[in-house]
Each structure stands twice: as C-alpha cells, then as structure tokens.
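Given next are the chains, with one letter for each unit.
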Amino acid sequence: MHAETLIPDAPVASIAVDSRTYAIDRAMEPLRWVFRWGSLVMLVAMVTLPFLQVVAREIVGSPLIGAEELARFMLICTVFIALPYVAAGGANIRMEEILSLCPKRFVRSVKLVTAIVAIATFATAALASLVAITSNLDNATPTLGMPYWLFLGAAFVSFTMTTTECGIQLIKVLQDRPLYVSFPQEMEPEEELDLPPEMKI
C-alpha cells in the first residue's frame, strides 16, 4: 500500500512533509540528494580554499595560484546548486503570516499564482543562461582559464531544477497537498536524548 493511501488529503498549508510521502517526491529524491550534497561539497571547498591560501602565503611563503578565482567559482556554484533545495524545502523568505488570516480559497489562488509566476521566472532565467552559454563558449577566466560555460552552466542547471521544483509545487497546490518537503536526514531523533537532570526542562 502506497503512502498516498495512508495519508488523507491535507489542506494547502505551509507545512513540510517527509520527502518520501508522495510518489512524485520519492521519484525526485535521488536528484535532490545530488543537489544537497553537491552544494555541501562546494561550500566546504569555498571555505577551505581561502584558509589554504592564507597558510600558503603567510606560513609557506608560496601563495596558491588562482585560489581566489577558484573560491569565487565555488561561491557561485554553492548559491546556484543550493537554490532548488531551498525551493523544495520552503526555506526561502515568505510572508505567509498575512495569508494565514485569509480564506482558504484565496490562499489557494495566491499559491497557484505564485507557483505559475515562479515557473515562468525560473524557466526564463534558465533559457537566458543557456543563451549566455552559447554566446561565451570561447571566453575563460584570466588566471586559471576556466571556461565561462562552467559558471553559466551552474546557473542553467540550478534554474532548470528550480523550475521543476516549482512545477511539482504547482501540482501539489492543485491536489491540495503540502507544498514543501523535509528530508530524513533533517528529522529529529524519535528517541529522547539521555540528558542530565539539570538540562531537562
């Protein structure tokens, strides 16, 4: 029996459900996993490179050539690769306190419009990134010679995946399901922690 049959249709609300709850989220889970861990790897690299540069310059006396350029690339990739993860989890800035005071039908209409506008916006950004890639195939960074399509490719992949996530949210709005997902790795442990008495509330 599928999880869909175990959980009744929920109202459109700003809650997050386990990413394994619905079939569409289970299908997307492997791809989301790649984006989550990819952004983490980029973040670690972005933090590590300046540290290594300081050590190499101040202690070893031989700075790493192109470390700043590579760190900037990692920063760009971190932001772009993490964007679909933010959209899927509903971690972006929202002003839903006001919406919660409105009638359910109005809230549903707003969420429909929001999802449609988001799809159009990110799809346009993905198309613009693709056009920029084709226009900069011969350009590269001055120090390391990194081709510009690497930077623009991160934007294209990010915007394409975010468009897909917004499309999934549109489907969920139409089905009156919660829009956002949480991931098993983010769940609180079910068992109580064995804390000392003075730390317990």
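The model shown is predicted, which means the values in this text are computed figures rather than measured ones.

**Student:** Help me out: how do you make sense of the nonpolar core in this one?
**Tutor:** For soluble globular proteins, nonpolar side chains are generally found buried alongside one another. Judged by nonpolar contacts, Met46, Leu49, Ala71, Phe73, Met74, Cys77, Met146, Phe151 and Ala154 together constitute the single largest core of nine residues. Secondary structure elements with two or more residues in this core: helix 2 (23–60), helix 3 (67–89) and helix 6 (148–174). Broken down by element, the residue count for this core peaks at four residues, all from helix 3. Residues contacting Met146, with those up to four places away along its chain left out, are Glu69, Leu70, Phe73, Asn139, Ala140, Thr141 and Phe151.

**Student:** Help me understand the pattern of salt bridges in this model?
**Tutor:** Any two side chains of opposite charge can pair if their charged atoms end up close together. Evaluated as defined, the whole model comprises six salt bridges. In this structure, Arg32 engages Glu165 in a salt bridge whose closest nitrogen and oxygen atoms are separated by 2.7 Å. A residue pair is termed long-range when its members are at least 10 positions apart, and Arg32 in helix 2 and Glu165 in helix 6 qualify at 133 residues. In this structure Arg32 comes out as buried when scored by relative accessible area, which is 4%. Since its relative accessible area comes to 2%, Glu165 is described here as buried. A salt bridge links Arg108 to Asp176; its shortest N-O distance comes to 2.8 Å. Residue Arg108 is found in helix 5 (residues 104–135), and its partner Asp176 is found in the loop between helix 6 and strand 2 (180–182); the two are separated by 68 residues along the sequence. Among the residues examined, Arg108 registers a relative accessible area of 24% and is labelled partly exposed. Judged by its relative accessible area of 24%, Asp176 is partly exposed. A single network of salt bridges, built from pairs that share partners, joins Asp25, Arg32, Glu165 and Lys172.

**Student:** What is the right way to read the packing of helix 2 against helix 3 from this model?
**Tutor:** One can describe the packing of helix 2 onto helix 3 by two numbers: an axis separation of 8 Å at closest approach and a directional angle of 155 degrees. Regarding the angle of helix 2 to helix 3, the classification is roughly antiparallel. Between helix 2 and helix 3 lies a crossing of left-handed hand. Of the residues contributing to the contact of helix 2 with helix 3, the split by class is 18 nonpolar, four polar and four charged.

**Student:** I'm lost on the confidence of the model for the protein in this one. Help?
**Tutor:** Detailed reading of the predicted coordinates is not advisable wherever pLDDT falls low. Across the protein, the average pLDDT comes to 82, with 84% of residues at or above 70. Low pLDDT, under 50, characterises residues 1–13; the predicted model gives this stretch 26 contacts beyond four residues in sequence or across chains.

**Student:** Would you mind showing me how to read the packing of helix 3 against helix 6 here?
**Tutor:** When two helices pack together, their arrangement is given by the angle between the helix axes and by the axis-to-axis distance. Two elements in contact, helix 3 and helix 6, have axes whose closest approach is 8 Å; the angle formed by their N-to-C orientations is 5 degrees. Considering the angle they form, helix 3 stands roughly parallel to helix 6. Residues Phe73, Ile76, Cys77, Phe80, Ile81, Leu83, Pro84, Ala87 and Ala88 of helix 3 pack against Leu150, Phe151, Ala154, Ala155, Ser158, Phe159, Met161, Thr162, Glu165 and Gln169 of helix 6. Along the lines of polarity and charge, the residues of the contact of helix 3 with helix 6 split into 15 nonpolar, three polar and one charged.

The rules behind each value
Residues numbered from 1 in each chain as written. Predicted model: local features only at pLDDT ≥ 70, side-chain atom pairs only at ≥ 80, totals over all residues. Heavy atoms only, no water. Core = buried A, V, L, I, M, F, W, Y, C linked by side-chain atoms within 4.5 Å. Buried < 20%, exposed > 50% of the residue type's maximum accessible area, 1.4 Å probe, protein only. Helix = DSSP H or I, 4+ residues; strand = E, 2+ residues; numbered from the N terminus. Contact = heavy atoms within 4.5 Å. Salt bridge = Lys/Arg side-chain N within 4 Å of Asp/Glu carboxyl O. Axes fitted to C-alpha atoms, helices over the stretch in contact; angles between N-to-C directions. Parallel < 35°, antiparallel > 145°, perpendicular 65-115°, else oblique. Left-handed = near helix turned anticlockwise from the far one by under 90°. Nonpolar A, V, L, I, M, F, W, Y, C, P; charged D, E, K, R; others polar. pLDDT = per-residue confidence, 0-100.

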